[in-house]
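Structure assessment
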Amino acid sequence: MAREVSGLIKLQIKGGAANPSPPVGPALGAKGVNIMEFCKQFNARTQDQAGKVLPVVITVYTDKSFDFIVKTPPAAVQLLEAAKLKSGSAESNRQKVGNVSWDQVREIAESKMPDLNCFTVESAMKMVAGTARSMGINVKGKNPFNG
Amino acid sequence: MNYFLYRFTCKPVQPTAEILVTMLAYLEFESFVSTEVGVEAYIPSNLDSEEEVKDLIQTLEGEIDYRREEIEDENWNAQWEADYEPVCVKDKFRVRAPFHEVDLAFEHDILIQPQMSFGTGHHETTWLMLDELHDLSLNGNSILDAGSGTGVLAIAARKLGANRVLAYDIEDWAFENTIDNIALNEVEIEVLKGDVSVIGESIFGVILANINKNVLMSDMSAFTKALETGGHLVLSGFFKTDVEELTVAAADLGLEVAAVKSKNDWALLNLIKIELR
């Protein structure tokens, strides 16, 4: 018999760093899930992305069991990596602090397609490029959307 | 430990909230929950600096506002802990809560009241460690339990005849829970709070570490130094797919594989320190 879902929990947790504190503790604890079991599994599965913000969707079942999927990091996190920056621009409105190529924008857009409300890679690329601009990251090269 | 919760309101919600999360991660914020109006962000209160958050907001595009509140520490796992099932490791151990009756069919009875710490035996790695520990000769040996969680392995080692047992954990609640569970089981174990450096110059016959691959990789050389020649280093907390990487690192340190065991996706490595020629 298929297990009955009692709830979906969506969080963003740093890879390898889940612990039973809020928000993980209260969200899972209220459903009677063994929080420590989730933390052990999440940390083992994400150990190679330690410290990176990762979206996770946890499905909790009525028998208090659970499973979860870890998604690719948010586009903003990937943009910082692609631009080889430690953090975003401190003066993003006035000053550009890094560069990414349109190929990198496409790569990030493709990795985030399943999570974005976009029907085409092109519309996802426009969203990612918009995020880059807001972060003070310049998208270098010929803009594929300008003829 | 108490936490601070920042409830951020962002205009426009995206990409402002996403960029905010990315930047807050650099300010030691640990986890986030997206909301319709922005994002909620959590940070341990000892790492929080509201000034840094204010400075960060100034540098970001979009309108960002927030409310900040402190969340008191509590045992969020209480509901699960209130009625967990005892765990049996073959006929060797039965790990139970104080509200379960003792069952004399098992060789060793271990009482664990977890209080938000890891190690009740429900997880494959704890089960594997208990199973392996039982078959090692501990009589008279000095044992280290690295990353003790509930203290279940340290307590088991003492019940199996270990002479001296030292346990340590870096987490506050695990450190305190290990002490509580030692009292429940009426055994003598030394407990320290911190990382591997707390063991100092001590030497052990058996070292137990059920942590995770990253910590094991970085602490393996310290464990090896603290191990007698011919002593066992028993590791778990990683997947079957991680065994090779750990085995290669172990070989470089003069550790030989005595056993590799697994349960579902999880694995255990029993290593012996060999005499270096």
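Positions within a chain are numbered from 1, following the residues in the order the chain's sequence is written. To label them, take the chains in the order written and letter them from A, then take the ligands in the order written and number them from 1. Predicted model: local features are reported for residues with pLDDT of at least 70 only, side-chain atom pairs are reported and counted for 80 or more only, and whole-chain, interface and lining totals are derived from all residues. Only hydrogens and water are removed before side-chain values are computed, so all heavy atoms of the structure are retained for them.

Attention now moves to the overall build of chain A. In terms of helices and strands, chain A carries five helices and five strands. Along the first, second and third principal axes, the C-alpha set of chain A runs to 55 × 30 × 25 Å. For the exposure calls, accessible area comes from a 1.4 Å probe over protein chains only, and a residue counts as buried if that area is under 20% of its type's maximum, exposed if over 50%, partly exposed in between. Out of the 147 residues belonging to chain A, those deemed buried represent 52%. Residues are treated as being in contact if the distance between any of their heavy atoms lies within 4.5 Å. For chain A, contacts bridging at least 24 residues in sequence account for 61% of all contacts bridging at least 6. By the criteria applied, helices consist of DSSP H or I runs no shorter than four residues and strands consist of E runs no shorter than two, each listed in order from the N terminus.

Before going further, it helps to spend a moment on the sheet that holds strand β8 (residues 142-146) of chain B. One key point about sheets: their strands pair by backbone hydrogen bonds, in either a parallel or an antiparallel sense. All names here are of chain B. A sheet is described by the order of its strands in space; here seven strands give the open sequence β10-β9-β8-β11-β12-β14-β13, paired in mixed fashion. Each edge of the sheet is formed by a strand with only one pairing partner; in this case those strands are β10 (190-193) and β13 (255-263). Going across the sheet, the axis of each strand differs from the next one's by a mean of 15°, ignoring polarity. Being paired, for any two strands, means DSSP has found at least two bridges between them. Two strands pair when backbone bridges link them, and strand β9 (residues 164-169) and β10 are joined in this way by four bridges, in the parallel orientation. The residue bridging L166 from the neighbouring strand is E190, located in β10. Axes here mean lines fitted to C-alpha atoms, for a helix over just the part in contact, with angles spanning 0 to 180 degrees between N-to-C directions. On top of the sheet, helix α5 (residues 152-159) reaches β8, β9 and β11 (204-210); it is set at about 180° to β9, its chief contact.

Attention shifts here to the sheet that holds strand β5 (residues 87-89) of chain B. Residues and elements named next belong to chain B. Ordered in space as β5-β6-β7, the three strands form an open sheet in which the pairing is mixed. What marks the edges here is a single partner per strand, and that holds for β5 and β7 (108-111). Along the sheet, successive strands turn relative to each other by an average axial angle of 20°, direction set aside. Strand direction decides the pairing type here: β5 and strand β6 (residues 93-96), joined by three bridges, are antiparallel.

It is worth spelling out the domain arrangement of chain B at this point. By a widely used convention, the size of an interface equals the accessible area lost when the partners come together. By domain assignment, chain B separates into domain 1 (3-83) and domain 2 (116-273). For every domain, the bounds stem from an assignment made automatically or drawn from a database. Just the C-alpha atoms count here: the centres of domain 1 of chain B and domain 2 of chain B sit 35 Å apart.

Bringing the environment of N75 of chain B into the picture now. All names here are of chain B. Relative to the helices and strands, N75 is located in the loop between β4 (63-71) and α3 (78-81). In the structure, N75 is positioned 39 residues away from P114 in sequence and 9.8 Å away in space, judged by C-alpha atoms. Those residues in contact with N75 that lie beyond four places of it in its chain are E81, Q115 and M116. Here a polar contact means two N or O atoms within 3.5 Å. Within protein one must be a hydrogen donor candidate and the other an acceptor candidate, and residues neighboring in sequence count only if both atoms are side-chain atoms. Within the structure, N75 has its side chain in polar contact with the backbone nitrogen of N77 (distance 3.0 Å). Looking at N75, its side chain comes within polar contact range of the side chain of E81, at 2.7 Å.

Looking now at the layout of surface pockets. Gaps left between atoms show up when a probe the size of a water molecule is rolled over them. Only protein atoms enter the 1 Å grid, on which a cavity is a set of points fitting a 1.4 Å probe that cannot get out and a pocket is an open set with protein on both sides within 12 Å along at least 5 of 7 lines, lining residues being those with an atom within 4 Å of a point. Grid points are joined across faces, edges and corners, and a volume is the space filled by probe spheres set on the points. Space inside the largest pocket adds up to approximately 1200 Å³. Around the largest pocket, the lining comprises 48 residues; the ones closest to its centre are D169, I170, E171, I211 and N212 of chain B. Of all the secondary-structure elements, those providing two or more residues to the lining of the largest pocket are α2 (35-45) of chain A together with α5, β9, α6 (172-185) and α7 (213-225) of chain B. Sorting elements by how many residues they give to the lining of the largest pocket places α2 of chain A first, with five residues. A class-by-class count of the residues in the lining of the largest pocket yields 22 nonpolar, 16 polar and ten charged. Counting the residues that make up the lining of the largest pocket, at least three belong to each of domain 1 (3-83) and domain 2 (116-273) of chain B. Three classes are used: nonpolar for Ala, Val, Leu, Ile, Met, Phe, Trp, Tyr, Cys and Pro, charged for Asp, Glu, Lys and Arg, and polar for all others, with Gly counted as polar.

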